[in-house]
Amino acid sequence: MNDLTAPAHQTDADFSKGAAFCNGRYVPAGEASISIMDWGFGKSDVTYDVVHVWGGAFFRLDHHLARFERSVAGLRMSLPHDRGEIAEILTQCVRLSGLREAYVAMIATRGVPLPGMPRRPSAMQNRFYAYAIPWIDVIPADVQERGAHLIVAKTPRIAPESVDPTIKNFHWGDLVRAMFEAEDAGADNAVLLDSDGLVTEGPGFNVFMVKAGAVVSPDRGALEGITRQTVFDLCDDLGIPWEIRAITADELREADEIFTSTTAGGVMPASRIDGTILSNDRPGPISARLKDTYWQWHREGRDATPVDYG
Ligand code: PLP
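What you see is a predicted model; the values in this text were computed from it and never measured.

### Some thoughts on the packing of helix α6 (residues 226–238) against helix α8 (residues 285–300)
At a closest axis distance of 10 Å, the pairing of α6 and α8 adopts a crossing angle of 100 degrees. Considering their axes alone, α6 and α8 lie roughly perpendicular with respect to each other. Taking contact as the criterion, the partners of Thr227, Thr230, Val231, Asp233, Leu234, Cys235, Asp237 and Leu238 in α6 are, on α8, Arg289, Leu290, Thr293, Tyr294 and Trp297. Its residues assigned to classes, the contact of α6 with α8 shows seven nonpolar, three polar and three charged.

Structure below.
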């Protein structure tokens, strides 16, 4: 294995706003760049994963690395780095930045077609990038605190037969359109339905409802979120029943509680859906318990991979 902590980087560079690994070098995040000829940019021919660092440790790093490997294979890409090397690169990005709370991304792109080469994705050399930047909340912390106001978007989620939502991707046209719908409605964020009117997910998060004491999340049209799995593990620990099944928009609107989940924020309660007030306009009791226990697990160092900051 190459020593991936060694590749040249300017020792006097300022990594405090984040560090990136691109084209075999570590650079300050603000200086990271890719070729505009890369199909990852021009054709969204890319997959990625995001793991967070909290309190100086990765949370569920192996889960993220395993999903990234599945996504890369799912797009018929192959990378010049194995799992151990990728972990080393991510660690070095965090180490250089010195960040104790960070959003850490790994990205695989199709690459740049070489002049004279056939225009065949299978013939292209795939590229790997990574970066660590300061913590990001998909839903701001104060909104999480009062409970997010959500809408059910009119924009349907892109069909899973066209773009597999279990392969984490940058096909965000529908998700961004739904974010504008939410903004126009004075809401914080949106939940998208599929073409059959069933709940899928939101821009950067999985969706859950609580009904009669059970936690339910959609069985289709969504990324198999690592945080979603953590929610199910939390439920098992707390003795809360859970289920993955189809959810209609009306069921969601009539839920006792709604919450969302993502690596960039954790368990994030909602308090309104399409203007309907849930649990006294506050995070519901089960959502709040799951959120508290999620952070308790972090404080206890469960599933943590501490970063050696050197
Ligand atoms: N759904 C989408 C579309 C996402 O982009 C994300 C995360 O970015 C999620 C769900 C949540 O996945 P995870 O919990 O693995 O971060």
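That was the structure; now back to the text.
### Observations regarding the layout of surface pockets
For the largest pocket, the calculated volume is near 600 Å³. Lining the largest pocket we find 33 residues, and of these Tyr48, Lys168, Trp172, Pro203 and Gly204 sit closest to its centre. Broken down by secondary-structure element, the contributors of at least two residues to the lining of the largest pocket are β3 (46–54), α5 (173–184), β9 (201–202), β10 (205–211), α6 and β13 (257–262). Residue contributions to the lining of the largest pocket peak at four residues, all from α5. Broken down by class, the residue content of the lining of the largest pocket amounts to 17 nonpolar, ten polar and six charged. In terms of lining residues, the second largest pocket is bounded by 14 residues, among which Ile34, Ile107, Thr109, Tyr129 and Phe170 are the most central. Looking at the lining of the second largest pocket, the elements with two or more residues in it are β1 (19–22), α1 (39–42), β5 (102–109) and β6 (127–134). A total of three residues in the lining of the second largest pocket trace back to one element, the largest contributor, which is β6. Looking at the lining of the second largest pocket residue by residue, the classes come out as eleven nonpolar, three polar and no charged.

### A look at the sheet that holds β6
With antiparallel pairing, seven strands are arranged side by side in an open sheet as β2-β1-β6-β5-β3-β4-β16. Both outer strands of the open sheet, β2 (25–28) and β16 (304–306), are each paired with one neighbouring strand and no more. Direction aside, the axes of adjacent strands within the sheet are offset by 25 degrees on average. Each of β1, β2, β3, β4 (57–59), β5 and β6 is contacted by helix α3 (residues 83–97), which is oriented at about 35 degrees to β6, the strand it contacts most.

Reading guide: rules and limits
- Residues numbered from 1 in each chain as written.
- Predicted model: local features only at pLDDT ≥ 70, side-chain atom pairs only at ≥ 80, totals over all residues.
- Heavy atoms only, no water.
- Axes fitted to C-alpha atoms, helices over the stretch in contact; angles between N-to-C directions.
- Helix = DSSP H or I, 4+ residues; strand = E, 2+ residues; numbered from the N terminus.
- Parallel < 35°, antiparallel > 145°, perpendicular 65-115°, else oblique.
- Contact = heavy atoms within 4.5 Å.
- Nonpolar A, V, L, I, M, F, W, Y, C, P; charged D, E, K, R; others polar.
- 1 Å grid on protein atoms, 1.4 Å probe; cavity = no way out; pocket = protein on both sides within 12 Å on 5 of 7 lines; lining within 4 Å.
- Points joined across faces, edges and corners; volume = space filled by probe spheres on them.
- Pairing = 2+ DSSP bridges.

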